[in-house]
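# Summary of the model geometry
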Amino acid sequence: MKEPGFGTRCVHAGEGHNPYGAHATPIYQTSTYVFDNAEQAAEIFSGASGYRYIRSAPNTPTHAAFIEKICSLEGGEAGLAFSSGMAAEIALVLSMLKKGDHLLSTNIIYGGTFGLFSSLMTKFGIEVSFVDTTNEEIIRRGLQENTKMIFLESPANPTMAISDISLIGKIARDAGAILAVDNTFATPYFQRPLCLGADVVVESCTKYIGGHGDLLGGVAVAGREIIQKMKRPAVLAGGTMGTHEAWLCLRGLKTLHLRMERHAKNAMQLAQFLHSHPRVSRVNYPGLASHPQHALASRQMSGWGGMLSFEVKGGIDAGQRLMNSLKLCSLAVSLGSVDTLVEHPASMTHAVMPREMRESLGISDGLVRVSVGIEDEEDILQDFAEGLEKI
Ligand code: LCS
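Just so it is clear, the model here is predicted, and its values are computed rather than measured. (Residues numbered from 1 in each chain as written. Predicted model: local features only at pLDDT ≥ 70, side-chain atom pairs only at ≥ 80, totals over all residues. Heavy atoms only, no water.)

## Concerning the packing of helix H12 (residues 256-275) against helix H16 (residues 377-389)
The criterion, for reference: Only the contacting stretch of a helix is used when fitting its axis, a line to C-alpha atoms as for every element, and angles between N-to-C directions run 0 to 180 degrees. The way it works is that DSSP assigns letters per residue, a run of H or I at least four long becomes a helix, a run of E at least two long becomes a strand, and they are numbered from the N terminus. Note on terminology: angles under 35 degrees are roughly parallel, angles over 145 are roughly antiparallel, angles of 65 to 115 are roughly perpendicular, and the others are oblique. Handedness of a crossing is defined here by the sense of rotation of the near helix relative to the far one, left-handed for an anticlockwise turn of less than a right angle and right-handed for a clockwise turn. Two residues qualify as a contact provided that any one of their heavy atoms is within 4.5 Å of a heavy atom in the partner residue. Put simply, Ala, Val, Leu, Ile, Met, Phe, Trp, Tyr, Cys and Pro go in the nonpolar bin, Asp, Glu, Lys and Arg in the charged bin, and everything else, Gly too, in the polar bin.
At a minimum axis separation of 10 Å, H12 and H16 run at an interaxial angle of 30°. Relative to H16, the element H12 lies roughly parallel. Between H12 and H16 the crossing geometry is right-handed. Residues Lys 265, Asn 266, Gln 269, Leu 270, Phe 273 and Leu 274 of H12 form the contact with H16, whose own contacting residues are Glu 377, Ile 380, Leu 381, Phe 384, Ala 385 and Leu 388. Per-class residue counts for the contact of H12 with H16 are 8 nonpolar, 2 polar and 2 charged.

## A look at the domain arrangement of the protein
Worth spelling out the cut-off: In this document the domain limits rely on a domain assignment from an automatic tool or a database. Salt bridges are defined by distance alone: a side-chain nitrogen of Lys or Arg within 4 Å of a carboxyl oxygen of Asp or Glu. Whenever a nitrogen or oxygen atom comes within 3.5 Å of another N or O atom, the pair is scored as a polar contact, on the condition that within protein one atom can donate a hydrogen and the other can accept it, and that pairs from neighbouring residues in sequence are kept only if both atoms are in side chains.
You can read the domains of the protein as domain 1 (6-253) and domain 2 (256-389). On a C-alpha basis, the centroid separation for the pair domain 1 and domain 2 is 26 Å. Domain 1 puts 44 residues into the contact, and the matching count from domain 2 is 42 residues. Viewed at the interface, domain 2 and domain 1 are joined by 0 salt bridges. Across the domain 1-domain 2 interface, the total number found is 16 residue pairs in polar contact (both at pLDDT 80 or more). Listing elements by their share of the side of domain 1 that touches domain 2, those giving two or more residues are helix H1 (6-12), helix H5 (111-123), helix H7 (165-174), helix H8 (187-190) and helix H11 (243-253).

## Focus: a nonpolar patch on the surface
Which entries qualify depends on this criterion: Like-charged residues within 9 Å of one another, or nonpolar side chains (Val, Leu, Ile, Met, Phe, Trp, Tyr) within 5 Å, are grouped into patches, provided each residue has over 30% relative accessible area and no salt bridge. We get accessible surface area from the Shrake-Rupley algorithm with a probe of 1.4 Å; when it comes to residues, only the shown protein chains can shield them. To sort residues, take the accessible area from a 1.4 Å probe on protein chains only and compare it with the maximum for the residue type: under 20% means buried, over 50% means exposed, and anything in between is partly exposed.
Together, Leu 331, Val 333 and Met 348 make up an exposed nonpolar region whose accessible area comes to about 240 Å². Turning to its location among the elements, Leu 331 is positioned in strand S10 (residues 330-331). The class of Leu 331 is partly exposed, set by a relative accessible area of 48%.

## Thoughts on the pattern of salt bridges
Across all of its chains, the model carries 14 salt bridges by this definition. With its nearest N and O atoms 2.9 Å apart, the salt bridge here joins Lys 69 to Glu 15. With Lys 69 in helix H3 (residues 61-74) and Glu 15 in the loop between H1 and helix H2 (38-45), this pair connects stretches of sequence that are 54 residues apart. For Glu 136, the salt bridge is made with Arg 140, and the minimal N-O distance between the two is 3.0 Å. Taken together, the positions of Glu 136 and Arg 140, both in helix H6 (residues 136-142) and 4 residues apart, correspond to about one turn of that helix. With relative accessibility at 40%, the residue Arg 140 sits in the partly exposed group. Salt bridges sharing partners connect three or more residues here, namely Glu 15, Lys 69 and Lys 254.

## Observations concerning the site of the ligand
Stated precisely, the cut-off is as follows: Working definition: residue near molecule or strand if any one of its non-hydrogen atoms lies within 4 Å of it.
In the vicinity of the ligand there are 19 residues, among which Asp 182, Ser 204, Thr 206, Lys 207 and Arg 369 approach most closely. At 3.0 Å from an oxygen atom of the ligand is found a side-chain nitrogen or oxygen belonging to Asn 157. Residue Asp 182 places a side-chain N or O atom 2.6 Å away from a nitrogen atom belonging to the ligand. For the ligand, the protein covers 93% of the area, taking 480 Å² as the surface of the free molecule. A per-element tally of the shell around the ligand places helix H4 (residues 85-96) first, with 3 residues. When residues of the shell around the ligand are assigned to domains, at least three fall in each of domain 1 (6-253) and domain 2 (256-389).

## Remarks on the side chain of Ser 371
For Ser 371, the position within the fold is in strand S12 (residues 367-371). In terms of polar contacts, Ser 371 uses its side chain to reach the backbone amide nitrogen of Gly 336, at 2.9 Å. Not counting residues within four places of it along the chain, the set of residues in contact with Ser 371 comprises Tyr 208, Gly 306, Met 307, Leu 335, Gly 336, Ser 337, Asp 339, Thr 340 and Leu 341.

Structure, rendered in structure tokens:
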């Protein structure tokens, strides 16, 4: 039988391993497991598959169902569920890098990831450089003898820059490094980095995977070997996803395909509206022909997602007036929820980046980021139209 389509896998993958004929996967709210006998316990503790304790993967059958579903969607063999996207990234770097290794990271990146790489990791003797990964020549020049991992965010937070995953996957392999991709913005619905040549995908489940703005979680998906390597750091760092969150992610994914279609449709409408608005000087959305990597985005993504950013004329003052004037859309960080959220990267999500770095990357004081929700598009557009009138 041919592999079911993406939407069918959203609904069915990972489901159905339930006792008592339960239709929905239950929440296995337990911290530990009772063994049949001492021999079985010893076998599981020496590596045989089986549940032993919630911090150790497989954590619970609820987590296992979620992991099976997300692996099916990302096209990966194995995965691990974390308490946050940051916890997934920490387990990734702890497992793949050691003192003296070099990490080549994209320079347009979520502020938290930038903080992790630039301050925490360097404390442990890992060298990090941030380069423009939209430029092949710059990536090649940034490689060092000791480069062990290239890390990308594509589309990148918050300017929506797009990096060529297939090309950079090949560059990484030739250099003996692995390629890790943060797929939070695109989600597997619009982009499958593992199928494009990445070795591992990390994602904040807090965003589109959960999808409703009510949980914190993260996930890593890769081949079995990488996930096996990540297990020990994951267990020892202790950033395991909670069982209720695993269940919410499992449920959220059932509608990922529907939500992403609507997020993207609304985002395109808003991007076009803003693009032609006299008070807006620039719109960053990969679906617009004006986006510098529009052609690449069209090749490696099957749609452009629900995130965009734009610059209002008049800088920070105008941007703040706009954000304060919106009525339907909320001023909040995070993204990927059903409702539209607006934030100011320079003073919020990316405040941790030095100002000169932000400005050189296009994260100007006037930049406003929008996570476009799944409301009716005319209501979102009206809110922005009225808000822009007030600046
Ligand atoms: N990766 C990306 C691309 C993100 O945007 C975030 C969080 C993370 C990883 C970390 O995930 P978390 O630990 O929060 O689950 N991004 C946020 C943002 O843009 N606003 O608030 C959080």
